[in-house]
Amino acid sequence: MDAMVWMTGYVGGDVEFRTVKEEYTFASFRLACTPRQWRGGEWVDAETTWIVVSCSRGLAENVRSSIGKGDPVVVAGKLRTDRWTDGQGGSHERLVIEALSVGHDLSRGTSVFRRASRATPEAEPVAEVTEVTESAA
């Protein structure tokens, strides 16, 4: 059973993008979530939660083209634990969201959607459409 989560926050740095064996694409970024709390009669920032978001294939391409440092985003995906051993033999782990969906948080601003093109081997090239306007005489 998968632990499905969604999280809102701000992109904490540049999106890292890589291709493996010219077939698989991956993107990742750090997501920062800083809750606001009412303390002593005023709103203050609580401790920031940082989590890594990983994306693959088409989502990775779209994230690379659409998301940037400081953008408010909504992420939905599977919660995973990433474990590794460093060069000195120390064990480490961190939580990662394996994203199924990433988008701008429209409660924070506006965004423009452009459908991604899906290349197929037998696809015909599409002629470019240009807008023609007539000036009033």
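All figures in this text were calculated on a predicted structure; none of them were measured in a lab.

## With respect to the overall build of the protein chain
Alright, step 1. On a plain count of helices and strands, the protein chain comes out with one helix and eight strands.
Alright, step 2. Reading the secondary structure of the protein chain in the N-to-C direction produces β-β-β-β-β-β-α-β-β.
Alright, step 3. Sorting the 137 residues of the protein chain into buried and exposed places 20% on the buried side.
Alright, step 4. Contacts in the protein chain between residues at least 24 apart in sequence constitute 56% of all its contacts with a sequence separation of at least 6.
Alright, step 5. As displayed, the protein chain offers around 10,900 Å² of accessible surface, 49% of which is attributable to carbon and sulfur atoms.

## Topic: unusual backbone geometry
Alright, step 1. Of note, R57 is a non-glycine position whose phi angle comes to about 55 degrees, a positive value.
Alright, step 2. With respect to the element layout, R57 can be found in helix α1 (residues 57-66).

## Some words on the side chain of T25
Alright, step 1. Within the secondary structure layout, T25 lies in strand β3 (residues 24-33).
Alright, step 2. Setting aside chain neighbours within four positions, we find T25 in contact with F17, R18, T19, C55, S56, R57, A60 and E61.

## Quick notes on the pattern of salt bridges
Alright, step 1. Scanning all chains against the criterion turns up seven salt bridges.
Alright, step 2. One salt bridge connects R80 with E98, and the closest N-O pair in it is separated by 3.4 Å. Taken together, the positions of R80 in strand β7 (residues 72-85) and E98 in strand β8 (residues 91-104) put the pair 18 residues apart, joining distant regions of the chain.
Alright, step 3. On the basis of relative accessibility, which here comes to 29%, the residue R80 falls in the partly exposed class.
Alright, step 4. With a relative accessible area of 33%, E98 lands in the partly exposed category.
Alright, step 5. Each of D2, K78, R80 and E98 takes part in a single network of salt bridges with overlapping partners.

## Points about the nonpolar core
Alright, step 1. Counting residues in hydrophobic clusters, the biggest one holds 17 residues, and the most contacted among them are F29, L31, C55, V75 and V102.
Alright, step 2. Secondary structure elements with two or more residues in this core: β1 (4-11), β3, β6 (49-56), α1, β7 and β8.
Alright, step 3. Setting aside residues up to four positions removed in sequence, F29 forms contacts with V11, D14, V15, I51, V52, V53, V63, V73, V75 and V102.

## A short note on the side chain of D105
Alright, step 1. Structurally, the position occupied by D105 is in the segment after β8.
Alright, step 2. One buried charged side chain, D105, makes no salt bridge at all; its nearest oppositely charged neighbour is R108, positioned 4.1 Å away.
Alright, step 3. Residues in contact with D105, not counting those within four places in the same chain, are T8, P72, V73 and V74.

## A word on the environment of S101
Alright, step 1. Position of S101 among the secondary structure elements: in strand β8.
Alright, step 2. Among the residues examined, S101 registers a relative accessible area of 41% and is labelled partly exposed.
Alright, step 3. When the C-alpha positions of S101 and W6 are compared, they lie 9.2 Å apart, and in sequence the two are 95 residues distant.
Alright, step 4. If we ignore the near neighbours within four places in the chain, the residues touching S101 are L59, V74, V75 and A76.

## With respect to the packing of aromatic side chains
Alright, step 1. Counted under the stated rule, the structure contains one aromatic pair.
Alright, step 2. An angle of 70 degrees between the planes, with centres 5.3 Å apart, marks the rings of W38 and W43 as edge-to-face.
Alright, step 3. A residue is classified by how much of its surface remains accessible, and W38, at 52% relative accessible area, is exposed.
Alright, step 4. The aromatic ring of W50 is capped on one face by R30, whose charged end is 4.3 Å from the ring centroid.
Alright, step 5. A cation over a ring is seen here: R64 above F17, with NZ or CZ 3.8 Å from the ring centre.

Conventions and cut-offs
- Residues numbered from 1 in each chain as written.
- Predicted model: local features only at pLDDT ≥ 70, side-chain atom pairs only at ≥ 80, totals over all residues.
- Heavy atoms only, no water.
- Helix = DSSP H or I, 4+ residues; strand = E, 2+ residues; numbered from the N terminus.
- Buried < 20%, exposed > 50% of the residue type's maximum accessible area, 1.4 Å probe, protein only.
- Contact = heavy atoms within 4.5 Å.
- Areas by Shrake-Rupley, 256 points an atom, 1.4 Å probe, with all protein chains shown as cover.
- Salt bridge = Lys/Arg side-chain N within 4 Å of Asp/Glu carboxyl O.
- Core = buried A, V, L, I, M, F, W, Y, C linked by side-chain atoms within 4.5 Å.
- Lys, Arg positive; Asp, Glu negative; His and termini not counted.
- Phe/Tyr/Trp six-rings, centres within 6.5 Å; stacked < 30°, edge-to-face > 60°.
- Lys NZ or Arg CZ within 6 Å of the ring centre and 35° of its normal.

The values are spatial; any link to function lies outside them.
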